Structure formats: structure tokens, C-alpha cells
Amino acid sequence: MKKYTLLYIIILALALSACKSETFVYTSFHEPATDGLRFLTSNDGVHWDSIPGVWLSPQVGKQRVMRDPSIQPTPDGTFHFVWTSSWKGDLGFGYASSKDLIHWSEEQFIPVMKDTSTVNVWAPELFWDDTRKEMMIIWASCIPFKFEKGIEDEYNNHRLYYTTTKDFKTFGETKLLIDPGFSCIDATLVKRGKKDYVMVLKDNTRPERDLKIATAKDPHGPWSKASEPFTETFVEGPATVKVRNGWVIYYDRYKKYDFGASFTRDFKTFEDWSDFVSIPPLHKHGTIFKAPKKTVEKLKKRD
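As the structure is a computational prediction, the values presented were derived from the model and not from experiment.

### Notes on the environment of Cys-184
Relative to the elements of secondary structure, Cys-184 occurs in strand S12 (residues 184-193). When the C-alpha positions of Cys-184 and Gln-63 are compared, they lie 23 Å apart, and in sequence the two are 121 residues distant. Those residues within four positions of Cys-184 in sequence are excluded, and the remaining contacts are Ala-140, His-158, Arg-159, Leu-160, Leu-201, Lys-202 and Asn-204.

If you want it as C-alpha cells, here you go:
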């Protein structure tokens, strides 16, 4: 371990711990994903602790699971939550909302692929578009024989789609977000600046199963060609968090039953932070957002 890297992490952790108003929350689930939503929390975005308990149990979808939980707050203080509700067979995903992360609205099923012959709807991801003042929802679906097959079976040849909404009652037309020329899933978006967006996505083809980067001037695209992979193989579920001078990208190393992480300042060069971060065992991939510290403290105190 390089001394300057360790020193940088210590300084980073101390600096971020000084922020008292908000804290990081990481959504999670435990296999086999039938229990429901779980949370982790962190003051520095590097060291995570579990918040005991299950906060919402799955009630919608053919299989009634709650995988790939994604939460994004909106400026009015509402936490919006979407999740994968079935491995196969569903033409949409689950949705609920909350003001405090404890009490949740009635669960809904949002059939975003109802007019297609899709095999699945996987890993819905929320992105708040502060320019359009609307929520963007991204997911992966496999529509057999729609795209060039490549090396994947027709029933495993995924692409990324999206829709938009301002109120989670009416939704825009479902559109293709990116076709990188290979089967891809698990996308997460980051806004770096005006007309400067980054996508972290998984190349889900058999030789790869790693993470890559694409960029765009608008979250709706067009998106650049995907980069070379910046992770090892057999990873999924990226979650990106902004820290002091860059971003930490977490990923679920599902064959190792743990998490890896990469640090980057420019999404071009990456440093392996897998040995620096800490996530308790059993947790699976979700997304990271900020919540008021008082809200998180109430979560911790609930009986």
C-alpha cells in the first residue's frame, strides 16, 4: 500500500465526517431477495455499517422479490424507490415512496415494457434530471431477436432502456437508452457538470461480465462508445458516490461474496480501493444517496 494513498483516505474520511447535516445511505438486500429493503450508512462514503431491520417487504411482481433497490430523493423531500420484482416474466418493476425511509406508500407495479415481448425487466435505476426537473428511470431488458445477436443467446441479449416521469403517475414513452453492441445491464448515471454525464454499465457478455464507462452531453444520449473495462470479471450492480476529490464506484463481486471498489477523478483512470472500503457481509448491491442525518438516526433507533 502506498503511504500517500493511505494518508489521502484518512484525510478524506476526517473531512467528510465533519459534515453533520447529511450522511450517505446505501440500499441493499440479502439473498434470496424475498425479505425486502435493507440499508447501510456511512459518514465518509468508504466505511459502511448496517442499519438493522427490513424496511419494506415485496408485494408486487410474479415472484415478489426485491432486488437491485434504487432510491433517489427529489427536492420536495420525497424518497422514491424502485426495484426488480421478478427474475423473469415481469414487464415492469416495483415502486414505492416515503418521506422518512420508515413509512412507505402502497407498492405499485409500473409496466414500462407492457407493449413488448421482453423476457425481463432488471435493475431499475433512478436518476434525477435537475435540468428537466424530472425523474429518469433506467433498466435492462432482453427482447429476443431485436438486436444483433453477437456472442449471447437471444434470451440473454440485453439492452438499456429508459422512461421519464414528474409524478410517478404518468410516464413518458419507453425508449432505448444505449446499444453498445453487446449485452449490457446495471447502468448508473452521474452528472459531472453542465452537459457532462457519465454512465457506468456492465458488459454482460460471457467473456467480460465487467464494468465499462460511456459519456454523453445529455442523459438521454446519444452516448459514446463504451470504454475498456476498469474492473475484474464477475462483477455487477455498480453504485457511484461523490467524495471529496473524485468518485468511488462500488461493485458486487458476486463470486467472491463481497464488494470491490474503484476510485477515479476523471472516469478514465482508476485506482483499486477494494482493500480500503468496508461493507458488512451478506449485503448485496443497490444505490447510494444522501439523507438528512436526523432521518438516518431515526432509522437506527427504530425498535
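### Re the environment of Asp-76
Take Asp-76: it is sitting in the loop between strand S4 (67-73) and strand S5 (79-84). Residue class for Asp-76 comes out exposed when judged on its relative accessible area of 53%. Residues Asp-76 and Asp-186 lie 110 residues apart in sequence; the distance between their C-alpha atoms is 27 Å. Reaching out from Asp-76, the side chain makes a polar contact with the backbone nitrogen of Thr-78 at a distance of 3.0 Å.

### Regarding the pairing of strand S8 (residues 122-129)
A large share of S8 lies buried, amounting to seven of its eight residues. Bridge count between S8 and strand S9 (residues 134-142): six bridges; the pairing is antiparallel. Residue pairing across strands places Leu-126 opposite Ile-137, the latter belonging to S9. Connecting the antiparallel pair S8 and S9 is a turn made up of four residues, with Lys-133 showing a positive phi of about 60°.

### Some points on the packing of aromatic side chains
Enumeration over the complete set of coordinates arrives at 19 aromatic pairs. When the centroid spacing of 6.1 Å and the interplanar angle of 85° are considered together, the rings of Trp-48 and Tyr-250 count as edge-to-face. With Trp-48 in the loop between strand S2 (38-42) and strand S3 (49-51) and Tyr-250 in strand S16 (residues 246-253), this residue pair connects regions lying 202 residues apart in the sequence. Here Trp-48 matches Tyr-250 in class, with each residue buried. Positioned above the aromatic ring of Trp-247, the side-chain terminus of Lys-242 is 5.2 Å from the ring centre.

### Some points on the nonpolar core
Ranked by size, the top nonpolar core spans 22 residues in total, and within it Ile-138, Leu-160, Leu-177, Met-199, Leu-201 and Trp-223 carry the most contacts. Put simply, the parts of the chain that give this core at least two residues each are S8, S9, strand S10 (158-165), strand S11 (175-178), S12, strand S13 (196-203) and strand S14 (210-216). Here Leu-201 is in contact with Leu-160, Pro-180, Phe-182, Cys-184, Ile-185, Asp-186, Ala-187, Asp-210, Leu-211, Lys-212, Ile-213 and Ala-214, once residues within four sequence places are set aside. If you look at the next biggest cluster of nonpolar residues, it comprises 20 residues, including Leu-56, Ala-96, Trp-104 and Ala-291.

Quick notes on the rules
- Residues numbered from 1 in each chain as written.
- Predicted model: local features only at pLDDT ≥ 70, side-chain atom pairs only at ≥ 80, totals over all residues.
- Heavy atoms only, no water.
- Helix = DSSP H or I, 4+ residues; strand = E, 2+ residues; numbered from the N terminus.
- Contact = heavy atoms within 4.5 Å.
- Buried < 20%, exposed > 50% of the residue type's maximum accessible area, 1.4 Å probe, protein only.
- Polar contact = N/O pair within 3.5 Å; in protein donor to acceptor, adjacent residues only side chain to side chain.
- Pairing = 2+ DSSP bridges.
- Phe/Tyr/Trp six-rings, centres within 6.5 Å; stacked < 30°, edge-to-face > 60°.
- Lys NZ or Arg CZ within 6 Å of the ring centre and 35° of its normal.
- Core = buried A, V, L, I, M, F, W, Y, C linked by side-chain atoms within 4.5 Å.

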